[in-house]
Amino acid sequence: MAAKRRKLGNPLALAVMVLLTERPMHPYEIAQTLRRRGKDASLKINYGSLYTVVQNLEKHGFVEVADVQREGNRPERTLYGITDAGREEAVEWLSDLLAVPAREYPIFEAALSLMCVLHPDEVARLLAERLTMLEVQAASLRGGLAKLSETLPRLFLVESEYQLHMIEAQADWVRGFLTEIKDGTFPGVKEWRTFLETGEAPPEFQDPEGGGLEGK
C-alpha cells in the first residue's frame, strides 16, 4: 500500500497543523514551541521557511487567520488556527506516515553500495571515524533526552528515542562490519584487496553482463 500523494509534502507543515490543534498561534510562537519541545532534532525549523509553510497551509485551506493582535507599539501578530480540512489532512497524513514504510534512500546506504572503489584498509579507517562520531551523537542525544524528560512527557519525546535507537543500531552494525574487515572474515575481502592493489577483478566480481567492479 502506497502513501497518498499530498498537496504539501514538507513534514514541517504536518508539525504546524498538529501544533495548531492545541490552540491558535502565530508563526514565531509555533517555531519557539517546536524548538522548546526538541522537535528541531527531527525537523528543519527556521522562521523564514515556517512562515512560507503557514502561508501554503492557508492557501490550501488547512489553516486560517484566527485573530490579529497588537500590543502597544509592537507590530501586529497574526494568529493562525487549524480548519476542519486541516484536522482531517493532519490525521490522514500522520496515519499514512505511521502505517506505510517509505523507501527513503539514506546517503550512507548509497556510500556502502559504492565503497568497492576504496581499499578495505581505507574503508576500515573511515568507518572507525564514523563509529566515533556515532558514539558522540548517541551520548549527546541521551543527554538531551534526559534533560527534556525533566519537563516534557514521554509522548513528546518518542521520536528522539527512536532516533537514538537508530544511531545505536547503526553503530552496532558498523562496529561488527569493521571487525570483519579488520580480521579478514568478511567474505571476499581478500579478492577486494587484490583488485584494488592490482586492478584485476577476480571472476567472483564479474556481473552477468561481463563487467567488473571497475564498470560499476
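You'll find the structure just up there.
Residues numbered from 1 in each chain as written. Predicted model: local features only at pLDDT ≥ 70, side-chain atom pairs only at ≥ 80, totals over all residues. Heavy atoms only, no water.

J.: Any chance you could explain helix 1 (residues 11-20) here in plain terms?
T.: For helix 1, the buried fraction is high: eight of the ten residues fall into the buried class. Every buried residue of helix 1 is listed here: Leu12, Ala13, Leu14, Ala15, Val16, Met17, Leu19 and Leu20. In this fold, the buried residues of helix 1 make contact with helix 2 (27-36), helix 3 (47-59), strand 1 (63-69), strand 2 (77-82) and helix 4 (84-99). Sitting at the amino-terminal end of helix 1 is Asn10, which places a side-chain oxygen 2.9 Å from the backbone nitrogen of Leu12. (Buried < 20%, exposed > 50% of the residue type's maximum accessible area, 1.4 Å probe, protein only. Helix = DSSP H or I, 4+ residues; strand = E, 2+ residues; numbered from the N terminus. Contact = heavy atoms within 4.5 Å. Polar contact = N/O pair within 3.5 Å; in protein donor to acceptor, adjacent residues only side chain to side chain.)

J.: Would you take a moment to explain the pattern of salt bridges for this structure?
T.: Side-chain pairs of opposite charge can arise whenever the charged atoms involved come near each other. Counting across every chain of the model gives 15 salt bridges. In this structure, Glu92 engages Arg6 in a salt bridge whose closest nitrogen and oxygen atoms are separated by 3.9 Å. Of this pair, Glu92 sits in helix 4 while Arg6 sits in the segment before helix 1, and the two are 86 residues apart along the sequence. Given a relative accessible area of 32%, Glu92 falls into the partly exposed group. A salt bridge links Glu168 to Arg142; the shortest N-O distance between them is 3.0 Å. A residue pair is termed long-range when its members are at least 10 positions apart, and Glu168 in helix 7 (residues 158-183) and Arg142 in helix 6 (residues 120-148) qualify at 26 residues. What makes Arg142 partly exposed here is its relative accessible area of 42%. (Salt bridge = Lys/Arg side-chain N within 4 Å of Asp/Glu carboxyl O.)

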